[in-house]
Amino acid sequence: MIANPLDALDSRNWDRERCIAELSAAVRDRHSLRLLGAVLAANTLQCWPDAVSELAHVPAPDPEWAASLLWFWNEQGLYSIGHGLRDQIFLLAEVLRRYVNPYRGPAMTLFRGEALERHRRGVYGIAWSSKRHVAEWFVRNRRCRDTGGGVLLRTQAPPCAIVVIPQEMRPNAPEFEVIVDPRLLGDVQVLPFDPLNG
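Report follows, based on the coordinates.

**A look at the overall build of the protein chain**
Working step 1: Of the regular secondary structure elements, the protein chain holds eight helices and six strands.
Working step 2: Of the regular secondary structure in the protein chain, the N- to C-terminal order runs α-α-α-α-α-β-α-β-α-β-β-α-β-β.
Working step 3: Looking at the protein chain as a whole, 48% of its 198 residues are labelled buried.
Working step 4: Nonlocal contacts in the protein chain, meaning residues at least 24 apart in sequence, comprise 75% of its contacts between residues at least 6 apart.
Working step 5: In the form shown here, the protein chain has an accessible surface area of approximately 10,300 Å², with 51% of it arising from carbon and sulfur atoms.

**Concerning the packing of helix α1 (residues 16-29) against helix α4 (residues 63-85)**
Working step 1: Two elements in contact, α1 and α4, have axes separated by 8 Å at closest approach and are oriented at 110°. Here α1 is positioned roughly perpendicular relative to α4, judged by the angle of their axes. Across the interface between the two elements, L23, S24, A26, V27 and R28 of α1 pack against W65, S68, L69, W71 and F72 of α4.
Working step 2: Grouping the amino acids of the contact of α1 with α4 by side-chain chemistry returns seven nonpolar, two polar and one charged.

**Notes on the packing of aromatic side chains**
Working step 1: Scanning the model with the defined rule gives two aromatic pairs in all.
Working step 2: Relative to W128, the ring of Y124 lies with its centre 6.1 Å away and its plane at 65°, an arrangement referred to as edge-to-face.
Working step 3: Judged by relative accessible area, W128 falls into the buried class, the value being 2%.
Working step 4: For the cation-ring pair, K131 lies above F176, with the distance from its terminal atom to the ring centre recorded as 5.2 Å.

**A closer look at the environment of H57**
Working step 1: Note on placement: H57 falls in the loop between α3 (48-54) and α4.
Working step 2: Under the relative-accessibility criterion, H57 is labelled partly exposed at 42%.
Working step 3: Separated by 33 residues in the primary sequence, H57 and S24 place their C-alpha atoms 9.1 Å from one another.
Working step 4: A polar atom in the side chain of H57 sits 2.8 Å from the backbone oxygen of E54.

**Description of the state of the cysteines**
Working step 1: All chains considered together, the criterion is met by zero disulfides.
Working step 2: A disulfide-free cysteine, C19 has its sulfur positioned 3.6 Å from the sulfur of C47, the nearest such atom.
Working step 3: C19 gets classed as buried once you look at its relative accessible area, which sits at 0%.

**Thoughts on the nonpolar core**
Working step 1: By size, the foremost hydrophobic cluster in this structure holds 40 residues, and its most contacted members are F72 and L92.
Working step 2: Elements with a minimum of two residues in this core: α1, α2 (32-45), α3, α4, α5 (90-99) and β4 (162-164).
Working step 3: In terms of residue count, the dominant contributor to this core is α4 (nine residues).

**Digging into the side chain of S129**
Working step 1: One can find S129 in strand β2 (residues 127-129).
Working step 2: Under the relative-accessibility criterion, S129 is labelled buried at 4%.
Working step 3: Of note is the side chain of S129, whose polar atom sits 3.0 Å from the backbone nitrogen of K131.

**Digging into unusual backbone geometry**
Working step 1: Between A60 and the following residue, P61, the backbone shows a cis peptide bond with an omega angle of -5°.
Working step 2: Positive phi values are uncommon outside glycine, yet Q46 reaches one of about 50°.
Working step 3: Take Q46: it is sitting in the loop between α2 and α3.
Working step 4: Phi at R86 is positive, roughly 50°, even though this residue is not glycine.
Working step 5: Residue position: R86 is located in the loop between α4 and α5.
Working step 6: Using a relative accessible area of 49% as the deciding quantity, one classes R86 as partly exposed.

Conventions and cut-offs
- Residues numbered from 1 in each chain as written.
- Predicted model: local features only at pLDDT ≥ 70, side-chain atom pairs only at ≥ 80, totals over all residues.
- Heavy atoms only, no water.
- Helix = DSSP H or I, 4+ residues; strand = E, 2+ residues; numbered from the N terminus.
- Buried < 20%, exposed > 50% of the residue type's maximum accessible area, 1.4 Å probe, protein only.
- Contact = heavy atoms within 4.5 Å.
- Areas by Shrake-Rupley, 256 points an atom, 1.4 Å probe, with all protein chains shown as cover.
- Axes fitted to C-alpha atoms, helices over the stretch in contact; angles between N-to-C directions.
- Parallel < 35°, antiparallel > 145°, perpendicular 65-115°, else oblique.
- Nonpolar A, V, L, I, M, F, W, Y, C, P; charged D, E, K, R; others polar.
- Phe/Tyr/Trp six-rings, centres within 6.5 Å; stacked < 30°, edge-to-face > 60°.
- Lys NZ or Arg CZ within 6 Å of the ring centre and 35° of its normal.
- Polar contact = N/O pair within 3.5 Å; in protein donor to acceptor, adjacent residues only side chain to side chain.
- Disulfide = S-S within 2.5 Å.
- Core = buried A, V, L, I, M, F, W, Y, C linked by side-chain atoms within 4.5 Å.

Listed below in structure tokens is the structure:
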């Protein structure tokens, strides 16, 4: 138990091992402040891939752990996880796949707002949307604008690429989100879209 809640943010003296353990404990307990301390340490120590891979330590299947992992994604997915894992964001999809029920539905048409430079390298995030307008919002409002612009993408995701539809586990999940393993996506197309007039 942390006596002073702000002590959870003081990760200046942590090593990689402590950071990885604290991140796992924060996810398990769904403790936002403790998670923030672990995120700061993971950024400083540059140990995101190891920290996320360690989240696969719980014996599977475990629906409660799956819910905790989705909580982690909801808390830190928009920026910290993607920034920390960079081109290895698929690691979180791999971990999630261990704990969620396998997707058994059909292929899905999915959309994503992505940074142009990432698209040019064929690197995509794990969060896509079944609704085009959501992806358009991300092109207009996300960091895409600060990284050389953004593009609106569409793909026909095969069932093997779909990891989980968070709304099936959390009815209030935002953005009609579908989490995929981006390495298993087929053709990814750029759609015409003007973020200033779209």
